[in-house]
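Spelled out from the first residue to the last, the chains are:
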Amino acid sequence: GNSVTQMEGPVTLSEEAFLTINCTYTATGYPSLFWYVQYPGEGLQLLLKATKADDKGSNKGFEATYRKETTSFHLEKGSVQVSDSAVYFCAPQGSARQLTFGSGTQLTVLP
Amino acid sequence: DAGVTQSPTHLIKTRGQHVTLRCSPISGHKSVSWYQQVLGQGPQFIFQYYEKEERGRGNFPDRFSARQFPNYSSELNVNALLLGDSALYLCASSDDRGRFGGYTFGSGTRLTVV
């Protein structure tokens, strides 16, 4: 089955800093790749996605590029805000369309 | 439009009891998946249903079962509850089994087993 390795947290940044959260995966074939975000006390929200190699997903200033060669899908944002504080999950999609989540990366942005 | 709705939002059960969790997908979505999220961890896949048929099952014991109804709503049942079943149970719906659009998650049911 699929597996995911995410950058361990917690990550603490100052407002307007640059963010990178690394994600590498193992999977059969070429799965769709997703980043989900979970705010405190809430369920998961889809942040962005990429469905084939070299696709770039983007949303709310966040970006991630599907790198087939390195089996990676790193999340980046040029300038984080306090409101970005949350837990971020990388998730490839399996052959049965199920999502395999990483352990999550806790991000705290300080004003 | 209503999102994915789950009920109840919280419940407390005693070891050995049975629990039923409910999920209503977004209108028009025919796929429902269930995930278990233990505190501090990522969600783990339990089941996926599409068009009322089971399409995938994760590595969970037979105490866990689910079904999908003609209106595409779903129930997750857990028998003989253990303390380790305490978790946030998330339901997710999709119109294409998540292939291109991903899944929309509900806010979850927080189950505490004492």
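Residues numbered from 1 in each chain as written. Chains lettered and ligands numbered in written order. Predicted model: local features only at pLDDT ≥ 70, side-chain atom pairs only at ≥ 80, totals over all residues. Heavy atoms only, no water.

Examining the sheet that holds strand β10 (residues 86-92) of chain A
All names here are of chain A. Across the sheet, five strands lie side by side as β2-β11-β10-β5-β6; this open sheet has mixed pairing. Strands with a single pairing partner mark the edges of an open sheet, and in this sheet they are β2 (11-14) and β6 (44-50). Strand-to-strand twist across the sheet, computed as the mean angle between neighbouring axes with direction ignored, equals 25°. With three bridges joining them, β10 and strand β11 (residues 105-110) adopt antiparallel strand pairing. Within β11, the position partnered with Val-87 by the bridge is Gln-106. (Pairing = 2+ DSSP bridges. Helix = DSSP H or I, 4+ residues; strand = E, 2+ residues; numbered from the N terminus. Axes fitted to C-alpha atoms, helices over the stretch in contact; angles between N-to-C directions.)

A look at the nonpolar core
Nonpolar side chains tend toward joint burial in soluble globular proteins. A:Trp35, A:Leu47, A:Leu48, A:Phe73, A:Leu75 and A:Tyr88 are the most contacted members of the largest nonpolar core, which totals 25 residues. For this core, the secondary-structure elements that each account for two or more residues are β2, β3 (19-21), β4 (23-26), β5 (33-38), β6, β8 (62-65), β10 and β11 of chain A. The contacts of A:Tyr88, once residues within four sequence positions are left out, are A:Gln6, A:Ile21, A:Trp35, A:Tyr36, A:Val37, A:Leu47, A:Phe62, A:Leu75, A:Gly104, A:Thr105 and A:Leu107. If you look at the next biggest cluster of nonpolar residues, it comprises 22 residues, including B:Ala66, B:Leu76, B:Ala87 and B:Val113. (Core = buried A, V, L, I, M, F, W, Y, C linked by side-chain atoms within 4.5 Å. Buried < 20%, exposed > 50% of the residue type's maximum accessible area, 1.4 Å probe, protein only. Contact = heavy atoms within 4.5 Å.)

A few points about the sheet that holds strand β7 (residues 56-59) of chain A
Residue and element names in this part refer to chain A. One open sheet accounts for four strands, arranged β3-β9-β8-β7; its pairing is antiparallel. The open sheet has two free edges, formed respectively by β3 and β7, since each of these has just one partner strand. Between one strand and the next, the sheet's axes are offset by a mean angle of 15°, whatever the strand orientation. In this sheet, strand β9 (residues 75-77) lies alongside β3 in antiparallel orientation, the contact comprising three bridges. Each residue of the ladder has a partner; that of Leu-19, found in β9, is Lys-77.

Observations regarding the interface of chain B and chain A
How large an interface is tends to be reported as the accessible area lost when its parts come together. In this complex, chain B contributes 22 residues to the contact, which on the side of chain A involves 19 residues. Counting each side, the surface lost to burial between chain B and chain A is near 1600 Å², with a carbon and sulfur contribution of 52%. Across the contact surface, chain B and chain A share zero salt bridges. Among the elements of the structure, β4 (31-37), β5 (44-50) and β9 (87-94) of chain B are those that each provide at least two residues to the side of chain B that touches chain A. Class assignment for the residues of the side of chain B that touches chain A results in eight nonpolar, 10 polar and four charged. (Buried area = accessible area lost by both parts, 1.4 Å probe. Salt bridge = Lys/Arg side-chain N within 4 Å of Asp/Glu carboxyl O. Nonpolar A, V, L, I, M, F, W, Y, C, P; charged D, E, K, R; others polar.)

Thoughts on the state of the cysteines
All names here are of chain A. This structure, assessed with the given rule, holds two disulfides over all chains. A disulfide bridge connects Cys-23 with Cys-90, and the sulfur atoms are separated by 1.9 Å. Disulfide Cys-23 to Cys-90: torsion about the S-S bond roughly -65°, handedness left-handed. Of the two residues, Cys-23 sits in strand β4 while Cys-90 sits in strand β10, which places them 67 residues apart along the sequence. (Disulfide = S-S within 2.5 Å.)

Focus: the pattern of salt bridges
Within the structure shown, the criterion is met by nine salt bridges over all chains. Measuring nitrogen to oxygen at the nearest pair gives 2.7 Å for the salt bridge that ties A:Lys77 to A:Asp84. With relative accessibility at 9%, the residue A:Lys77 sits in the buried group. Note on A:Asp84: relative accessible area 7%, which makes it buried. Of the charged contacts in the structure, one is a salt bridge between B:Glu75 and B:Arg67, with a shortest N-O distance of 3.3 Å. For B:Glu75, a relative accessible area of 11% puts it in the buried group. A cluster of three or more residues bridged by salt bridges with shared partners is formed by B:Arg22, B:Arg67 and B:Glu75.

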